[in-house]
Amino acid sequence: MKVIEIEGGRKLSGSIRVSGSKNATLALIPAAILTDEEATICNIPEITDTDALCDILADLNVKVNRSTESMVINPKDMKNVVIAEEHSNKLRASYYFMGALLGRYNKAEMYFPGGCSIGARPIDQHLKGFEALGAKITNEGNKYILEAKELKGANIYLDVVSVGATINIILAAVRAKGITTIENAAKEPEIVCVSTFLNNMGAKITGAGTSTIKIEGVDHLHKCFYEVVPDRIEAATYIVIGALCGDNLKVDNVIPEHIDAMLSKLEEVGVETEVGVDYVTVLNTNKELKGTKIKTAVYPGFVTDMQQPFTVLLTQVNGKSTVTETIFENRFKHVQYLNALGANITVENQTATIIGPTKLKGTEVAATDLRAGAAMVAAGLIAEGKTTITNAEHILRGYEQIVEKLTSVGAKIKILEV
Ligand code: EPZ
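Since the structure is predicted, the reported quantities are computational estimates derived from the model, not experimental observations.

> So what exactly am I meant to see when it comes to the pattern of salt bridges here?
Any two side chains of opposite charge can pair, given that their charged atoms come close. Scanning the entire structure with this criterion turns up 20 salt bridges. For the salt bridge of glutamate 147 with lysine 107, the shortest nitrogen-to-oxygen distance reads 3.7 Å. A residue pair is termed long-range when its members are at least 10 positions apart, and glutamate 147 in strand β8 (residues 143-147) and lysine 107 in strand β6 (residues 107-111) qualify at 40 residues. Residue classification places glutamate 147 among the partly exposed residues on the basis of a relative accessible area of 39%. With its nearest N and O atoms 2.6 Å apart, the salt bridge here joins glutamate 234 to lysine 405. On the criterion of sequence distance, the pair formed by glutamate 234 in helix α8 (residues 232-245) and lysine 405 in helix α14 (residues 402-407) is long-range, its members being 171 residues apart. Like glutamate 234, the residue lysine 405 is buried in the burial classification. Each of Lys107, Glu109, Lys143 and Glu147 takes part in one network of salt bridges that share partners.

This is the structure in structure tokens:
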């Protein structure tokens, strides 16, 4: 097991460069098998989730040529075989291969993990979209078989605003016959990324980023090139760390519009930032910080992935704050560990109430999921003494070189194999 050890209490200064978006990358790699030629993607984060998807490409005999933060994917000789269960159940985003294989072969057969630690995370909306396009779906345990004589465009209304379902339906529809409309679609930047990537291949997708997306099916998708946008959650995480223990910490390679809601919450709390075209510097104003109310929402609202790291900041402000989680039903597992460090947080139904400020003291904690792990890192950086974070594999799934990046700005942090 990997463990991260942090000696807290140090001021971080200098700049951290944000890597390519994990959540965009996890959709782009499966989308790349829809072309008949090769797809070149650069600015891919070197994280374990990327590696896991490359294992799946290998199962499908897709040629992958990886170099630093870029990948050339060539599906010319691919085989539509059942993806090995130990590969597909490593991450939920493997479900994008359902839409991609269905979209390319009218058939997909794969194992799929159930919920994970932040909630049940059903895929009913994905399956509803595939059926609307003409797929017949059977499942044997957690193995899904999707088959269609022909995929035909359809009007699909999502009962739940779902990033995954929106993207998966686009993947299945780009080569379907006719026009598909997705109503009540998710509007996250990752959807714009995947649609731009596919349009670069010759797809005809309009409306990405709005709640109505139209896809006109095409027969052929050709080679393309695409650069992954910066990771908005990684950026927001380091900006919050800058607010906690930065000395004018600069976070580089940021699209500020992607984190507007979080930046305005920082302002409400009293954190001052300098927002540039492609960077955010957290200003060291020593202003008194005060509590606020946060309610997670779909984009462009306050993103659910940031409620856990942001809660660490709320343990340090004066007064009461609340964080209400509206997207996932089980995303407060970080609270018990923040309280073990000395925070004062109670959770009732889907709302955490935080009383600050509280002095945090290092101890052993666990990363229960990716963003809870990020919260543990943020807390460890300000806690007195040593904080040990177990199950640190969760953190390495989504934060490229997090130990190196934090060390470069003055943190005392290391990763051990125990
Ligand atoms: C994506 O997950 C992200 N993951 C998540 O980031 C992110 O938290 C989430 O979107 C919300 O923004 C990737 O992009 C790989 P959803 P996804 O479908 O697509 C329910 C991280 O930390 N729902 O938008 O799985 C679902 O249970 C990860 O990087 C259904 O009910 O999320 C949830 O309550 C965590 N039926 C809500 O919708 C469905 O068919 C939103 O889920 C699909 C979803």
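> Got a minute to help me understand the sheet that holds strand β13 (residues 224-227) in this structure?
Two orientations exist for strands paired in a sheet by backbone hydrogen bonds: parallel and antiparallel. Pairing in this open sheet of four strands is mixed, and the strands run β4-β5-β3-β13 from one edge to the other. At either margin of the open sheet sits one strand with a lone partner, and together these are β4 (63-67) and β13. When the angles between neighbouring strand axes are averaged without regard to direction, this sheet yields 15 degrees. Across four bridges, strand β3 (residues 39-42) lies against strand β5 (residues 70-74) in antiparallel orientation. By the bridge assignment for β5, threonine 40 is matched with valine 72.

> Explanation requested: the nonpolar core in the structure shown.
A general tendency of soluble globular proteins is for nonpolar side chains to be buried together. Core analysis: the biggest nonpolar cluster contains 76 residues, and Phe97, Phe197 and Leu198 have the highest contact counts within it. The element best represented in this core is helix α6 (residues 163-173), accounting for seven residues. With residues near it in sequence (within four places) discarded, phenylalanine 97 still touches Pro30, Ile33, Leu53, Ile56, Leu57, Leu60, Ile83, Leu102 and Met110. One finds Ile16, Ala235, Val303 and Leu360 within the second-largest nonpolar core, a separate group that totals 70 residues.

> Is there a simple way to explain the site of the ligand in this structure?
Contacts to the ligand come from 22 residues, most closely from Asp124, Gln125, Ser162, Asp305 and Ile327. Side-chain polar atom of arginine 121 to an oxygen atom of the ligand: 3.1 Å apart, as the coordinates give it. At 3.3 Å, a side-chain N or O of arginine 331 approaches an oxygen atom of the ligand. Its free accessible area being 820 Å², the ligand has 89% of it covered by the protein chains. For the shell around the ligand, the secondary-structure elements that each account for two or more residues are α1 (22-31), α5 (124-132), α6 and α12 (370-382). With three residues, the single largest contributor to the shell around the ligand is α5. For the shell around the ligand, the per-class residue count stands at 10 nonpolar, six polar and six charged. The residue makeup of the shell around the ligand includes at least three contributed by each of domain 1 (2-19 + 230-417) and domain 2 (22-227).

> It is not clear to me how the packing of α8 against helix α9 (residues 260-269) should be interpreted in this structure. Could you clarify?
Helix-helix packing is characterised by the crossing angle of the two axes and by the distance between the axes. Where α8 contacts α9, the axes come no closer than 11 Å and their chain directions differ by 10 degrees. In terms of orientation, α8 lies roughly parallel with respect to α9. Along the contact surface, α8 presents Ala236, Ile239, Val240 and Ala243, while α9 presents Met262, Leu263 and Leu266. Its residues assigned to classes, the contact of α8 with α9 comprises seven nonpolar, no polar and no charged.

Rules used in this analysis
- Residues numbered from 1 in each chain as written.
- Predicted model: local features only at pLDDT ≥ 70, side-chain atom pairs only at ≥ 80, totals over all residues.
- Heavy atoms only, no water.
- Salt bridge = Lys/Arg side-chain N within 4 Å of Asp/Glu carboxyl O.
- Helix = DSSP H or I, 4+ residues; strand = E, 2+ residues; numbered from the N terminus.
- Buried < 20%, exposed > 50% of the residue type's maximum accessible area, 1.4 Å probe, protein only.
- Pairing = 2+ DSSP bridges.
- Axes fitted to C-alpha atoms, helices over the stretch in contact; angles between N-to-C directions.
- Core = buried A, V, L, I, M, F, W, Y, C linked by side-chain atoms within 4.5 Å.
- Contact = heavy atoms within 4.5 Å.
- Near = heavy atom within 4 Å.
- Polar contact = N/O pair within 3.5 Å; in protein donor to acceptor, adjacent residues only side chain to side chain.
- Areas by Shrake-Rupley, 256 points an atom, 1.4 Å probe, with all protein chains shown as cover.
- Nonpolar A, V, L, I, M, F, W, Y, C, P; charged D, E, K, R; others polar.
- Domains from an automatic or database assignment.
- Parallel < 35°, antiparallel > 145°, perpendicular 65-115°, else oblique.

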